[in-house]
There are 2 protein chains.
Amino acid sequence: MAGHGTRGRSGRRPTLEEVAARAGVGRGTVSRVINGSPRVSDATRAAVEAAVAELGYVPNTAARALAANRTDSIALVVPEPETRFFAEPYFSEMLRGVGAQLSDTEMQLLLIFAGSDRERRRLAQYLAAHRVDGVLLVSVHADDPLPDLLAQLEIPAVISGPRSERETLPSVDSDNYGGGRSAVEHLIARGRTRIATITGRLDVYGAQRRIDGYRDALRDAGREVDEALIVPGGFTEDGGRRAMTELLGRRPDLDAVFAESDVMAAGARKVLREAGRRIPDDVALVGYDDSAIARHMDPPLTSVRQPIEEMGRAMIDLLLDEIADRRPQVSRSPGRRQVVLPTELVERDSS
Amino acid sequence: MAGHGTRGRSGRRPTLEEVAARAGVGRGTVSRVINGSPRVSDATRAAVEAAVAELGYVPNTAARALAANRTDSIALVVPEPETRFFAEPYFSEMLRGVGAQLSDTEMQLLLIFAGSDRERRRLAQYLAAHRVDGVLLVSVHADDPLPDLLAQLEIPAVISGPRSERETLPSVDSDNYGGGRSAVEHLIARGRTRIATITGRLDVYGAQRRIDGYRDALRDAGREVDEALIVPGGFTEDGGRRAMTELLGRRPDLDAVFAESDVMAAGARKVLREAGRRIPDDVALVGYDDSAIARHMDPPLTSVRQPIEEMGRAMIDLLLDEIADRRPQVSRSPGRRQVVLPTELVERDSS
DNA sequence: ACGTAGTGTGGGAGCGCTCCCACAAGTGAT
DNA sequence: ATCACTTGTGGGAGCGCTCCCACACTACGT
């Protein structure tokens, strides 16, 4: 219970200076050992390490940040409200990936909400103060001023879900095109002939890509694309419901629906059920996101899974690269860094 | 585009000293203005504020932390894996509450995962270094050493979901007892006579309280508690399934089930369906958590809603109090601070 | 013998704040 | 006029690091 690497639970914490005294070396040497510099003899290093262990020394981050002018922390900015980001699979899975990848480093993770105006002003202050070494951006709209602000302040940033095909920021995305495509190919393989799609918000790049996948899958299978079978659902359940109603009115003979989110699929399912269509017998249904809703739907919903956790990991990798690149003022980033990760179709009973 | 509160987008940021020079005052005075001390004349304050605005001054957090020996940040510790915490309503809602309440302050939020051993060691280092002013603990098991560590280090902490009825830490909880009670009272009011319950993990205090509520609701209605109608489901879907199967075997004539989580309700629902029981006609079903699963179930599931966002807010309130109380070494906390927030029964079609 | 490179190492300077002591100036009682 | 406060202000000291220059000391050439 006594001392032994704990040294006065309530007393002052030991400083570099004290470790140096204990080890019989200078302050600079201890600093070198702590920071893993190679320019230290083995004997000295061992002595310092012993002193560190005996005193239970832990570096003072604030002092380090002040002296070295870096914070060793990155921020995950959540453009909060009403975003799909807060929905089930995204948030927790991405965080899991981010956390896992970060646990190998000394970096800490800050969570910043930028929903309200107040929060956004606060964020701007925050960034202006350079309180983080880098920023992770998620589900940012095309017209959001945040990326520009970051560029202006020269703060490294990585975005998940690029805003367009010519995203300037390093980005991580899942293969929305491939995801849409695989869903439709699956339906075709199952013998469906009149395949509709309920799309997401058309101002979201990823949603567009899913539609592209839908179109190309049909074309490549030699099918004609019937524009009447493409209806927007805005990523909401209610939107899905309305879209499905619309579709049933336009093309009563459809036999499959690809909803570009599980939530919209849930809405569509209700309408189908009310219309007396059986799933999957009369109409096959495929969703997107592989959320809890999909797993618990009746029947369980076939859905496109995105590797969200991996995306989180990839974002951290990119960001750390970006930060490292900027440290010595030489060698700018070689070029754009865009990562696209594959999706996976999870087949269940709805198709 | 020029200067004007932005001052060299890539140049050094202005310091207190520079603001002081600009305003024609001393360093101390600027510090006082920045920190809202009342001991500054109005004229001086105005001059300083003008200088701050002109230079676009933002305090350097690291320097402040070093000099004042506080970090202005708190950590939310997530004892990651397999926790129910990461499931739908909890994580995002609690974070929303925490974030909202924090946005009124200068405090920043750190997210720390403490799932693996490695992460836990890192966390211990982190706390030993006093890198946060306070800690938010969520879904901690009764035998977790973390609370003791925090006490030893004298780091203020608040726990959500007390570990037992004599939790020593300040805590925030929802009224699990009342929640369980209201679910059962609702079923009684609906004329159900043989009401079973599928419980959570028995080592979780909150789960116990829900069972207490179940028991008391029956007793107070003059019913007898049939122990055979109480089966543990461990908070998993599979557990819910097994428990339901067991229940059907023991008491084929039951006409209502209170599942102490939506996930278990989903498992129970499947078994009921396979057994040919109609919901709610033959068997009424009530869940707990009011998650997406409940909203999207077929039929939509009556469920007990916890005010998770408010819980997050309350946790921050408690923690900030705790931190403030500890600053001047006088006046210890007057006593235990335990907050219990009411739940709400959300009635849907399953009951 | 005398450079001429390395290696290790010590410690001064300084990062940008807060804390607090010293002190000037004003206010009101005696 | 004197004393005792109160109010406002300036600036020294110091928080615990990193950076970097200066200085041994060694090990080779020549």
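In this text, all values refer to a predicted model and were calculated from it rather than measured experimentally.

Caption draft 1: Expanded view of the overall build of chain A. When you go through chain A residue by residue, the secondary structure sums to 13 helices and twelve strands. Scaling as 2.2 N^0.38, a compact globule of 351 residues should have a C-alpha radius of gyration of about 20 Å, whereas chain A reaches 26 Å, well beyond that. In terms of overall dimensions, chain A has a C-alpha envelope of 85 × 45 × 40 Å along the principal axes. Classification of the 351 residues of chain A by burial places 54% in the buried group. Residue pairs in contact within chain A that sit at least 24 positions apart in sequence constitute 71% of those at least 6 positions apart. Carbon together with sulfur atoms contributes 48% to the accessible area of chain A, which is approximately 15300 Å² in total.

Caption draft 2: Quick look at the pattern of salt bridges. On inspection of all chains with the given rule, the structure shows 58 salt bridges over all chains. A salt bridge links R269 of chain B to D298 of chain A; the nearest nitrogen and oxygen atoms lie 2.6 Å apart. With one member in each of two chains, R269 of chain B in helix α11 (residues 262-274) and D298 of chain A in the loop between α12 (292-296) and β10 (302-305) form a pair that bridges those chains. Two residues, D238 of chain B and R242 of chain B, come together in a salt bridge whose shortest N-O distance is 2.7 Å. In this pair, D238 of chain B and R242 of chain B both sit in helix α10 (residues 237-250), four residues apart, roughly one turn of the helix. A residue is classified by how much of its surface remains accessible, and D238 of chain B, at 37% relative accessible area, is partly exposed.

Caption draft 3: Up close: the protein's contact with DNA strand D. Within the structure, DNA strand D sits among 27 residues, and R27 and Y57 of chain A together with G26, T29 and T44 of chain B are positioned closest to it. Considering the 4 Å shell around the protein, atoms of DNA strand D inside it are sugar or phosphate in 60% of instances. In the environment of DNA strand D, a base nitrogen lies 3.5 Å from a nitrogen or oxygen atom belonging to the side chain of R32 of chain A. In the model, a phosphate oxygen of DNA strand D is placed 3.1 Å from a nitrogen or oxygen of the N35 of chain A side chain. Those elements giving two or more residues to the surface near DNA strand D turn out to be α2 (27-34) and α4 (61-68) of chain A together with α2 (27-34) and α4 (61-68) of chain B. The element best represented in the surface near DNA strand D is α4 of chain A, accounting for five residues. Split by residue class, the surface near DNA strand D holds eleven nonpolar, ten polar and six charged.

Caption draft 4: Region of interest: the protein's contact with DNA strand C. Around DNA strand C, a shell composed of 27 residues is seen, among which G26, T29 and T44 of chain A together with R27 and Y57 of chain B lie nearest. At a separation of 2.3 Å, a phosphate oxygen of DNA strand C approaches a polar side-chain atom of T44 of chain A. Within the side chain of R64 of chain B, a nitrogen or oxygen atom sits 3.0 Å from a phosphate oxygen of DNA strand C. Elements with a minimum of two residues in the surface near DNA strand C: α2 and α4 of chain A together with α2 and α4 of chain B. Residue contributions to the surface near DNA strand C peak at five residues, all from α4 of chain B. By residue class, the composition of the surface near DNA strand C is eleven nonpolar, ten polar and six charged.

Caption draft 5: Representation of the nonpolar core in the model. Membership of the largest hydrophobic core comes to 52 residues, with the highest contact counts inside it found for I74, L109 and L136 of chain A together with I74, L109 and L136 of chain B. When residues no more than four places from it in sequence are discounted, the contact partners of L136 of chain B are I74, A75, L76, V77, V98, V158, M315, I316 and L319 of chain B.

Caption draft 6: Representation of the interface of chain B and chain A. Contacts between the two partners involve 52 residues from chain B and, on the opposite side, 52 residues from chain A. Carbon and sulfur atoms supply 54% of the area that chain B and chain A bury against each other, a total of about 4600 Å² over both sides. Between R118 of chain B and D104 of chain A there is a salt bridge, with its nearest N and O atoms 2.3 Å apart. Counting the contacts that link chain B with chain A gives 22 residue pairs in polar contact (both at pLDDT 80 or more). When residues of the side of chain B that touches chain A are traced back to their parent elements, those giving at least two are α4, α5 (88-102), β2 (108-113), α6 (117-128), α11 and α12 (292-296) of chain B. Here the side of chain B that touches chain A gets seven residues from one element, more than from any other, and that element is α5 of chain B. By residue class, the composition of the side of chain B that touches chain A is 22 nonpolar, twelve polar and 18 charged.

Caption draft 7: Layout of the confidence of the model for chain A. When pLDDT is averaged along chain A, the result is 90, and 91% of the positions lie at 70 or above. Per-residue pLDDT stays below 50 along residues 1-10 of chain A; that stretch engages in twelve contacts with residues further than four places along the chain or on separate chains.

Caption draft 8: Representation of the relation of the copies chain B and chain A. Superposing chain B onto chain A takes a rotation of 180° combined with a translation of 0.1 Å along the rotation axis, leaving an RMSD of 0.2 Å. The superposition operator between the copies reduces to a two-fold rotation axis. Comparing interface residues between copies, 100% of those in chain B also sit at the interface in chain A, which points to an isologous, same-surface contact.

Caption draft 9: Representation of the domain arrangement of chain A. Here chain A is partitioned into domain 1 (16-59), domain 2 (73-174 + 310-340) and domain 3 (176-305). The straight-line distance from the C-alpha centre of domain 1 of chain A to that of domain 3 of chain A is 62 Å.

Rules used throughout
Residues numbered from 1 in each chain as written. Chains lettered and ligands numbered in written order. Predicted model: local features only at pLDDT ≥ 70, side-chain atom pairs only at ≥ 80, totals over all residues. Heavy atoms only, no water. Helix = DSSP H or I, 4+ residues; strand = E, 2+ residues; numbered from the N terminus. Rg over C-alpha atoms; globule rule 2.2 N^0.38 Å. Buried < 20%, exposed > 50% of the residue type's maximum accessible area, 1.4 Å probe, protein only. Contact = heavy atoms within 4.5 Å. Areas by Shrake-Rupley, 256 points an atom, 1.4 Å probe, with all protein chains shown as cover. Salt bridge = Lys/Arg side-chain N within 4 Å of Asp/Glu carboxyl O. Near = heavy atom within 4 Å. Polar contact = N/O pair within 3.5 Å; in protein donor to acceptor, adjacent residues only side chain to side chain. Nonpolar A, V, L, I, M, F, W, Y, C, P; charged D, E, K, R; others polar. Core = buried A, V, L, I, M, F, W, Y, C linked by side-chain atoms within 4.5 Å. Buried area = accessible area lost by both parts, 1.4 Å probe. pLDDT = per-residue confidence, 0-100. Least-squares fit on C-alpha atoms with pLDDT ≥ 70 in both. Domains from an automatic or database assignment.

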